[in-house]
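# Summary of structural features
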Amino acid sequence: MKATSVVIAGAGGRGRITYAPYAKKFPEQMRLIAAADRIPERLEEMRQEYGLEQDKCFSSVEEMFAQPRLADMAFICTQDADHVRHACLALDKGYDVLLEKPVSADIAQCRQLLDKAEKLGRSVTVCHVLRYAPFYQKLKSLLEEGTLGEIISIQASENVGYWHQAHSFVRGNWRRSGDTSPMILAKCCHDMDLLVWLTGSRCRRISSMGGLSFFRQENAPQGAPDYCMEGCPVKDQCPYDAEKIYVTDTLTGYDTNGAGWMQRAVYGGTDREGLRAALGTSPYGRCVFRCDNDVVDNQSVTMEMESGVTISFHMCGLNQRNYRTIHIMGTGGDISGDLEEETLVLNRFGKEPEVIRMNVEETISGHGGGDYRMLADMFRARSQGQGTLTSLRQSLESHYMAMAAESSRLAGGRLVDVDEFVRGF
């Protein structure tokens, strides 16, 4: 198989830290040709690490896509609001596209991209990487084999670690739905996509409730300053203290992990003192109760699929760790599991439980091994002229569900017919 040549638009956490290294690990599959980013330090780091030519490093995505086509594929890893615009530029230049989720929080934009991709006959793969995780692949195969009989109901949850909620959705880039996407779309379109895939059914009706309950101004401790490094009186007791999360905490801090993906979001360098200094002025150094965030920290969604399967899904950002759970109930048994533990428990009615553990060698990348398995499948499919595990049209079902759920939440939990909702745009 000839290596696919790639340009990367957006040298942030996903583009630079997750996808670019695949070119070094599997050079027979992927060859990195060019990159674009508005932050010079990130771009220079990529240039040096991957030996990119100086004239293949661009200070804007628009500049890169103004050039004649440089490679086979474009990886769009920019901010949510720019995804469709940048993907359309790539398609017009003749690139196939790997597009970070979410596609867009605007249904009209989603349709615009779908129409362009299908008209041009180009491939757009949305990074719904959890479909590729061995945990969910095994779950899907068991359902297709009829192990549970007919699926009747599903309970699923995404439990966001308190530090991840603080980093991404209180202090970070996804804190305001109007600037990026509602959290049910930005964080949970993975989950909506899985539910469509696992049931083999579109969603008919949906309702949702939830809100921003904890990370609010009125919950700030007395005397808490705007920035954690400004001598906060409750620093020792506060788990959200920025110095703890980014520097000293044994789970997430620099002192244990070095300059990981969270630290790199705060500070372009890799030294400890530079990181600490940056927390004095960076948005990531703010008190979590004194930010301008408005996305939810908890949300529940109830769904009825066209197949008749009923689903309850819950997201909350107040957990010790990040983990997803699922419980599927059928006429002949039930199965439950935790993605992070990579274990499923299968109960065939009237028989002893069966514990199914994933092969840890298959989970060498993020999202339960889904990141790299998605790339491998995409490159294989492209070389063979085949489709990938998910198409853009299929991926957009999750977006319609998420946006209908958010509409329901804002209307106090009103029941929403998904097709009618989408037709309204």
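Keep in mind the model is a prediction, meaning the values are calculated, not measured.

Calculation criteria
- Each chain has its residues counted from 1, running along the sequence as written.
- Since the coordinates come from a predicted model, pLDDT governs what is reported: local features require at least 70, and pairs of side-chain atoms require 80 or more to be given and counted, while whole-chain, interface and lining totals use all residues.
- Excluded from the side-chain calculations are hydrogens and water; all other atoms, namely the structure's heavy atoms, are used.
- Every axis corresponds to a line fitted to the C-alpha atoms, with the helix fit spanning only the stretch in contact, and the corresponding angles, defined between N-to-C directions, vary from 0 to 180 degrees.
- Each helix is a run of H or I in the DSSP string that is no shorter than four residues. Each strand is a run of E no shorter than two, and both are numbered from the N terminus.
- The scheme is simple: roughly parallel for angles under 35 degrees, roughly antiparallel for over 145, roughly perpendicular for 65 to 115, oblique for anything else.
- Whether two residues are in contact is decided by their heavy atoms: any pair within 4.5 Å suffices.
- Nonpolar residues are Ala, Val, Leu, Ile, Met, Phe, Trp, Tyr, Cys and Pro. Charged residues are Asp, Glu, Lys and Arg, and all others, Gly as well, are polar.
- We define a polar contact as two N or O atoms separated by no more than 3.5 Å, with the added condition that, inside protein, one atom must be a possible hydrogen donor and the other a possible acceptor, whereas residues neighbouring each other in sequence contribute only through side-chain atom pairs.
- For two strands to pair, DSSP has to find at least two bridges joining them.

So, about the packing of helix α6 (residues 107–120) against helix α16 (residues 392–410). Packing of α6 against α16 brings their axes to within 11 Å, and their N-to-C directions diverge by 175°. Classified by the angle their axes make, α6 and α16 are roughly antiparallel. On α16, the residues that touch Ile 107, Cys 110, Arg 111, Leu 113, Leu 114, Ala 117 and Glu 118 of α6 are Leu 392, Arg 393, Leu 396, His 399, Tyr 400 and Met 403. Of the residues assigned to the contact of α6 with α16, the class counts are nine nonpolar, one polar and three charged.

What follows is about the environment of Tyr 227. Within the fold, Tyr 227 resides in the loop between β8 (203–211) and α11 (242–248). For the pair Tyr 227 and Ala 242, spaced 15 residues apart in sequence, the C-alpha to C-alpha distance is 8.5 Å. Non-local contacts of Tyr 227, meaning those with residues more than four positions away in its chain, are made with Leu 279, Gly 280, Thr 281, Ser 282, Gly 285, Arg 286 and Cys 287. A polar contact is formed between the side chain of Tyr 227 and the backbone oxygen of Thr 281, at a distance of 3.3 Å.

The next subject is the sheet that holds strand β12 (residues 333–338). On the basis of which strands lie adjacent, the open sheet formed by nine strands has the order β14-β13-β12-β11-β7-β10-β9-β8-β15 and mixed pairing. Both outer strands of the open sheet, β14 (354–357) and β15 (416–417), are each paired with one neighbouring strand and no more. Where β8 meets β15, two bridges bridge the pair, whose relative direction is antiparallel. Directly across from Arg 205, in β15, lies its bridge partner Asp 417. Here helix α7 (residues 134–144) sits on the sheet in contact with β7 (151–161), β11 (323–330), β12, β13 (343–348) and β14, set at roughly 5° to β11.

Bear in mind that shape data such as this cannot, by itself, settle questions of function.
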